[in-house]
Amino acid sequence: MQHAPSTSSGVSCQVFPATADQVPAARRFLATILDGCAFTGDAVLCLSEIVTNALQHSNSARPGGTFSIRAGFQHGRLRVEVEDEGGRWEPRPASDGQRGRGLLIVAALAATWGTSCDGAGARVTWFEI
């Protein structure tokens with residue numbers, strides 16, 4: 001079940017169930033916020049890659065897991081954060097060569113990006129455009 005989006009200080013937030021069918025919902029959430037900005041496509045692609053990583057490489061993938069998205073403008077840039085439930089994460093390319101490029105895409109499209117842990121298990125991966 002999706003939670004209703006919330007805003008505070010110009011930042012929109014929404015929590016999603018950590019299931020693959022929620023990736024398109026996450027993209028729609030961000031696209032709605034951006035409402036046709038010139039960089040909507042790049043931002044939605046970056047978000048899609050980060051959400052997919054959260055679903056594949058975090059404790060959010062456990063039954064009942066969630067991830068959240070925060071998005072807003074700061075200092076003239078869009079900042080998007082995806083918070084997952086943390087866990088061990090070791091990026092590794094797939095043997096078929098078809099996966100493992102998501103963060104390379106984010107690095108190519110975003111002005112800056114990063115990831116951090118809060119020490120309580122949550123991990124936040126963010127980007128700015």
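Here, the structure is the one placed above.
For clarity, every value in this text was computed on a predicted model and none was experimentally measured.

Rules and cut-offs
Residues numbered from 1 in each chain as written. Predicted model: local features only at pLDDT ≥ 70, side-chain atom pairs only at ≥ 80, totals over all residues. Heavy atoms only, no water. Axes fitted to C-alpha atoms, helices over the stretch in contact; angles between N-to-C directions. Helix = DSSP H or I, 4+ residues; strand = E, 2+ residues; numbered from the N terminus. Parallel < 35°, antiparallel > 145°, perpendicular 65-115°, else oblique. Left-handed = near helix turned anticlockwise from the far one by under 90°. Contact = heavy atoms within 4.5 Å. Salt bridge = Lys/Arg side-chain N within 4 Å of Asp/Glu carboxyl O. Buried < 20%, exposed > 50% of the residue type's maximum accessible area, 1.4 Å probe, protein only. Pairing = 2+ DSSP bridges. Nonpolar A, V, L, I, M, F, W, Y, C, P; charged D, E, K, R; others polar.

A word on the packing of helix 2 (residues 40-57) against helix 3 (residues 102-109). Direction vectors running N to C along helix 2 and helix 3 enclose 150°, while the axes themselves pass 9 Å from each other. Between helix 2 and helix 3, the crossing angle belongs to the class labelled roughly antiparallel. Crossing of helix 2 over helix 3 shows left-handed handedness. Every residue of helix 3 that contacts helix 2 at D42, L45, C46, E49, I50 and N53 is listed here: G102, L103, I105, V106 and L109.

With that settled, consider the pattern of salt bridges. A full pass over the atoms with the stated rule returns six salt bridges. Between R70 and E81 there is a salt bridge, and its shortest N-O distance comes to 2.8 Å. In this pair, R70 sits in strand 3 (residues 66-74) while E81 sits in strand 4 (residues 77-84), placing the two residues 11 residues apart along the sequence. Residue classification places R70 among the partly exposed residues on the basis of a relative accessible area of 23%. Overall, E81 belongs to the buried group, its relative accessible area being 17%.

Right, let's get into the pairing of strand 3. For a regular strand, side-chain orientation follows a simple rule: the groups alternate between the two sheet faces. Of the strand pairs in this sheet, strand 2 (residues 11-17) and strand 3 are connected by six bridges, and their pairing is antiparallel. Bridging across to strand 3, S12 finds its partner in A71. Strand direction decides the pairing type here: strand 3 and strand 4, joined by seven bridges, are antiparallel. Residue pairing in the sheet places A71 in a bridge with V80 of strand 4.

Mapped onto the fold, A108 is located in helix 3. Judged by its relative accessible area of 63%, A108 falls in the exposed class. For A108 and C46, which are 62 residues apart along the polypeptide, the C-alpha to C-alpha distance reads 9.5 Å.

Along the chain, V106 falls in helix 3. Residue V106 is classed as buried on the basis of its relative accessible area of 0%. For V106 and A43, which are 63 residues apart along the polypeptide, the C-alpha to C-alpha distance reads 8.8 Å. With sequence-adjacent residues up to four places away left out, V106 is seen in contact with C46, E49, I50, W113 and F127.

Right, let's get into the packing of helix 1 (residues 23-34) against helix 2. Running from N to C, helix 1 and helix 2 point in directions that differ by 150°, and their axes come no closer than 9 Å. By the angle between their axes, helix 1 is roughly antiparallel relative to helix 2. The two elements helix 1 and helix 2 cross, and the hand of that crossing is right-handed. Facing V23, A26, R27, L30, A31 and L34 of helix 1, the residues of helix 2 in contact are T40, A43, V44, L47, S48, V51, T52 and L55. When grouped by side-chain class, the residues that make up the contact of helix 1 with helix 2 number 10 nonpolar, three polar and one charged.

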